[in-house]
Amino acid sequence: MSLPQHLREESDFDQLPHNIPISATIADIEEKKGFIDYFMFVIEVKTKGGSKYFIYRRYREFFNLHQILESRYSPEDPERPGPNNCVLPTLPGKVFLGNKQEIAESRIPELNTYMKRLLGLPTWLLMDEALRMFFYQTDQDSQQKPRALRRLRPPTRKVKTVKPKMDLFSSPRAEGTVNNQTGIFPQSFVKIIKPLPDSDTEGEGESLTYSCLRCFLLTPSGVDTRDVCVQEDLTIQPTYKDLLSRMRNVFKVDDIAVNYRDPEGDLIRILDDEDIQLMIKESRRQQDKVKRPVNQFPWELHVSLASDLSVYNSEA
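- Looking at an unreviewed UniProt entry, one finds the chain named Neutrophil cytosol factor 4, with Dicentrarchus labrax as its source organism.

Right, here's the structure in full:
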């Protein structure tokens, strides 16, 4: 990769665009219920121009970014890096067993250190497209609102909490007067001044948005149809491992295979992430022919018993 000479001079930083990220800190973690349940890191990003915003990233996105940067910039000999090489900070490794929330919490200090050192590398590396896209606030990021920002709250002293006095005249109430005495009375004896709201949850905010996936379990005894709803964007491409794990949990069967139907109606078995990509690509081609609800994925999943090959020669 050829880099302009002017980005290697002393005034590198001054010549960077204002939207370049210069610092990032994990503000909290949030649980998401997608094809599998997982935790995302809520990250506050600050740019050279002074703006701040939040992005949401999984550990696997950190891992993918690190692999890309390693392939582009890591020197073959760390003792003798070339002009377009640099030694990258160490990314905390994968953890395969344990409580997901505890794992996510334990990674926060290490990931904060990783991002600090990453954004402190030579300024020409900050122009890398993969790095900029990682810290870029996508439309999906901007539509989310952090539930809490525990890691950004400054330490405070414990103080006595004084509850504000309730304004009785602004709350729903029923009053009555007898012998110049006003107070609360049984319903049959009072006049309703202000009725109760229709719903106890009125004004509590919007509910979470879910997307649904139509799934068919094909067995010798028939077809079991399920709509699986997840907190995932319709554009998501799940991994084969996540999809298989979710289907095992949905249908309570371990010995299964996942498949999709091609335009001719034949079942195509899915074996890896590339097959997932092919399925989604094929479904988008057929999307105009099959109308689906706006919150339903454009592809369907056909689940069969791994040992049963007869379903590949029959219609579901």
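**Here's the deal with the overall build of the chain**
- A count of helical and extended segments in the chain gives seven helices and 11 strands.
- With 316 residues in all, the chain has 36% of them scored as buried.
- Contacts in the chain between residues far apart in sequence, at least 24 positions, make up 60% of those at least 6 positions apart.
- As displayed, the chain has an accessible area near 21000 Å², and 50% of this comes from carbon and sulfur atoms.

**Some words on the sheet that holds strand β7 (residues 211–219)**
- Overall, mixed pairing links the five strands, which are arranged β8-β7-β11-β9-β10 in an open sheet. The open sheet has two free edges, formed respectively by β8 (222–230) and β10 (267–269), since each of these has just one partner strand. Across the sheet, the axes of successive neighbouring strands diverge by a mean angle of 35°, strand direction being ignored.
- For β7 and strand β11 (residues 301–305), the ladder comprises four bridges, and the chain directions are parallel. When the bridges of β11 are listed, Leu217 appears paired with Val303.
- Packed on one face of the sheet, helix α6 (residues 240–251) meets β7, β8, β9 (256–261) and β11 and runs near 120° to β8.

**Overview of the packing of aromatic side chains**
- This structure, assessed with the given rule, holds six aromatic pairs.
- Where Phe134 meets Phe135, the ring centres are 4.9 Å apart and the plane angle is 80°; that geometry is what we call edge-to-face.
- You can call Phe135 buried: its relative accessible area is 1%.
- An aromatic cluster is defined as three or more aromatic residues linked by ring pairs; in this entry it consists of Phe41, Phe62, Phe134 and Phe135.
- In this structure, Arg57 is placed above the aromatic ring of Phe134, and the distance from its NZ or CZ to the ring centre is 5.6 Å.
- Above the plane of the ring of Tyr38 lies Arg58, whose end atom (NZ or CZ) is 3.7 Å from the centre.

**Details of the environment of Leu267**
- Position of Leu267 relative to the elements: it lies in strand β10.
- For the pair Leu267 and His302, spaced 35 residues apart in the sequence, the C-alpha separation amounts to 8.0 Å.

**Looking at the state of the cysteines**
- Counted according to the given criterion, the structure contains one disulfide.
- Residue Cys212 pairs covalently with Cys229 via a disulfide, S to S 2.4 Å. Given an S-S torsion of about 75°, the disulfide between Cys212 and Cys229 has right-handed geometry. Of the two residues, Cys212 is situated in strand β7 and Cys229 in strand β8; the sequence distance between them amounts to 17 residues.
- Residue classification places Cys229 among the partly exposed positions, given a relative accessible area of 35%.
- Left without a disulfide partner, Cys215 is nearest to the cysteine sulfur of Cys229, which lies 9.8 Å away.
- For Cys215, a relative accessible area of 0% gives the class buried.

Criteria and cut-off values
Residues numbered from 1 in each chain as written. Predicted model: local features only at pLDDT ≥ 70, side-chain atom pairs only at ≥ 80, totals over all residues. Heavy atoms only, no water. Helix = DSSP H or I, 4+ residues; strand = E, 2+ residues; numbered from the N terminus. Buried < 20%, exposed > 50% of the residue type's maximum accessible area, 1.4 Å probe, protein only. Contact = heavy atoms within 4.5 Å. Areas by Shrake-Rupley, 256 points an atom, 1.4 Å probe, with all protein chains shown as cover. Pairing = 2+ DSSP bridges. Axes fitted to C-alpha atoms, helices over the stretch in contact; angles between N-to-C directions. Phe/Tyr/Trp six-rings, centres within 6.5 Å; stacked < 30°, edge-to-face > 60°. Lys NZ or Arg CZ within 6 Å of the ring centre and 35° of its normal. Disulfide = S-S within 2.5 Å.

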